[in-house]
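A closer look at the structure
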Amino acid sequence: MKLIKGGVCAAQGFSASGIHCGIRKSRTKRDLGLVYSSVPASAAAVYTTNLVKGAPLYVTKEHLKDGVAQAIICNSGNANTCNANGIEIANEMAKELSKKLNVKENDVVVASTGVIGLPLSIEPIAQGIPTLVSELSTTGNDNASEAIMTTDTISKQVAVEFEIGGKTCKLGGMAKGSGMIHPNMATMLVFITSDVNISSQMLQKALKSDIQDTFNMLSIDGDTSTNDMVVVLANGLAGNECIDKDNDDFKTFMKALNTVTVQLCREIAGDGEGATKLLECKVYNAYNIPTAKIVAKSVICSSLLKAAMFGADANWGRVLCAIGYSGANVDINKIDVSFKSKKGEIQVCKNGAGVAFDEDIAKQILLEDEIEILVDLNDGDAFSTAWGCDLTYDYVKINGDYRT
């Protein structure tokens, strides 16, 4: 598995673009992005569990019923959620793009991100689509990635190259997400492309399985968004024999997918709103995987722990507290806790009780921008990881005037 550049344009047959069409007031910010496959592709998607969903999700769900798509259009600056004419606007986005690309309207994935409840006009989008299409390029991934960002401070892209059946294959993705992110998806949009030949049924199986250990183990602030979705397109241009069953080729594809999604999770967590640190909680030796996941999620979601990590305070009691209210069936008297970064590792808890440790060394470890919280339950052999970030003053500042 080799990391390469190109994001959503890394795989054969894919191009992308991103422009400013006028949804955002600032002309320096792109607000309309496009990803396009030169041929129809197998498609799969997963969506937010929030009962309040953005209009584009309903349209995309309908379009992907046949497991085929050829283009993804996404605007930022407006979520198109809780709007009376939201479905109409989303349908118009697909219709206008389909005419310019000469593809089926039902083969267009529609996505939006931004402020909820703000009226959205189709006019700037419709007027911008011709330029959006004309600027499609196999190097357009950076512009497309920028166009879907809201409070993100960095572009989030990754791609890998691998081999299936003697054929060189590629899989790449881009993501946006910085706040309103919590397990069971988040204000997170992820678009993944591949040139692997795989059926839509197996693609959906791969995605549904993968997110349980990746995007559903990611939390920034405890808020589950209305608009998030993860979409994968695979157009088959690599020329491998079609993957239509669970075999070694499918496992290789799963590994490639997971490599990309884990890295995107880390980038989203590290770019949490106002964040200064990426937090990664690793739970070892749990009784079973569900227990490991519950514990990891609870620790990473603890606001008190997140605040302690911001202050580089080795307050390990907050780790145990989060485990204690998680609902997981664990023996508190067996738990060990350590903190780790590139500055080293320090144990702070053994068998559910504090151990003597050097506070100055602990602080140096926790001052780094990537922190591992290591929890050993000493009750089995199951493992899980969750990702999050610290909680800072800037999180409140960003969300205090996000709409205005």
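Within any chain, residue numbers begin from 1 and follow the written order of that chain's sequence. Where totals are concerned, whole chains, interfaces and linings use all residues; where local detail is concerned, this predicted model gives features only for residues with pLDDT of at least 70, and gives and counts side-chain atom pairs only at 80 or more. Excluded from the side-chain calculation are hydrogens and water; included are all heavy atoms of the structure.

**Re unusual backbone geometry**
- With a phi close to 50 degrees, N80 is a non-glycine residue in the positive phi region.
- By the criteria applied, helices consist of DSSP H or I runs no shorter than four residues and strands consist of E runs no shorter than two, each listed in order from the N terminus. Considering the arrangement of structural elements, one finds N80 in the loop between strand 4 (68-78) and helix 2 (86-101).
- Relative accessibility under 20% of the residue-type maximum defines a buried residue, over 50% an exposed one, and the middle range a partly exposed one, all with a 1.4 Å probe and only protein chains included. Look at N80 and you get buried, because its relative accessible area is 1%.
- The phi dihedral of N102 falls on the positive side, at around 60 degrees, and the residue is not glycine.
- With respect to the secondary-structure elements, N102 resides in the loop between helix 2 and strand 5 (108-115).
- What makes N102 exposed here is its relative accessible area of 71%.

**Re the packing of aromatic side chains**
- Any two of the Phe, Tyr and Trp rings considered here, Trp counted by its six-membered ring, make a pair once their centres fall within 6.5 Å; the pair's planes then place it as stacked at under 30 degrees, edge-to-face at over 60, or tilted in between. Inspection of the entire model under this criterion finds one aromatic pair.
- Taking the centre distance of 5.1 Å and the plane angle of 50 degrees together, the rings of Y284 and F383 count as tilted. Of this pair, Y284 sits in strand 10 (residues 278-286) while F383 is found in strand 15 (residues 382-389), placing the two residues 99 residues apart along the sequence.

**Section: a negative patch on the surface**
- Taken together, the side chains of D313, D358, E359 and D360 present a region of like negative charge at the surface.
- Within the element layout of this structure, D360 appears in helix 10 (residues 359-366).
- By relative accessible area, which is 60% here, D360 ends up exposed. Patch rule: a residue counts if its relative accessible area is over 30% and it has no salt bridge; like charges are joined within 9 Å, and nonpolar side chains (Val, Leu, Ile, Met, Phe, Trp, Tyr) within 5 Å. Only the protein chains shown count as cover for residues, and all accessible areas are computed by the Shrake-Rupley method using a 1.4 Å probe. By salt bridge we mean one thing: a side-chain nitrogen of Lys or Arg within 4 Å of a carboxyl oxygen of Asp or Glu. This count recognises Lys and Arg as positive and Asp and Glu as negative, with His and chain-terminal groups excluded. In this description, the location of a charge corresponds to atom NZ of lysine, CZ of arginine, CG of aspartate or CD of glutamate.

**Things to note about the sheet that holds strand 12 (residues 344-350)**
- One open sheet holds the six strands; their spatial order is 13-12-11-14-10-15, and the pairing between them is mixed. Lying at the two open borders of the sheet, with one neighbouring strand each, are strand 13 (353-354) and strand 15.
- Two strands qualify as a pair provided that DSSP identifies no fewer than 2 bridges between them. With two bridges connecting them, strand 12 and strand 13 associate as antiparallel partners. Counterpart to C349 in the pairing with strand 13 is G354.
- Here, two residues are considered to be in contact whenever any of their heavy atoms come within 4.5 Å of each other. Convention adopted: a line fitted to C-alpha atoms gives each axis, helices being fitted over their contacting stretch, and angles between N-to-C directions are expressed from 0 to 180 degrees. With respect to the sheet, helix 6 (residues 248-270) is in contact with strand 10, strand 14 (370-376) and strand 15, its orientation differing from that of strand 15 by roughly 40 degrees.

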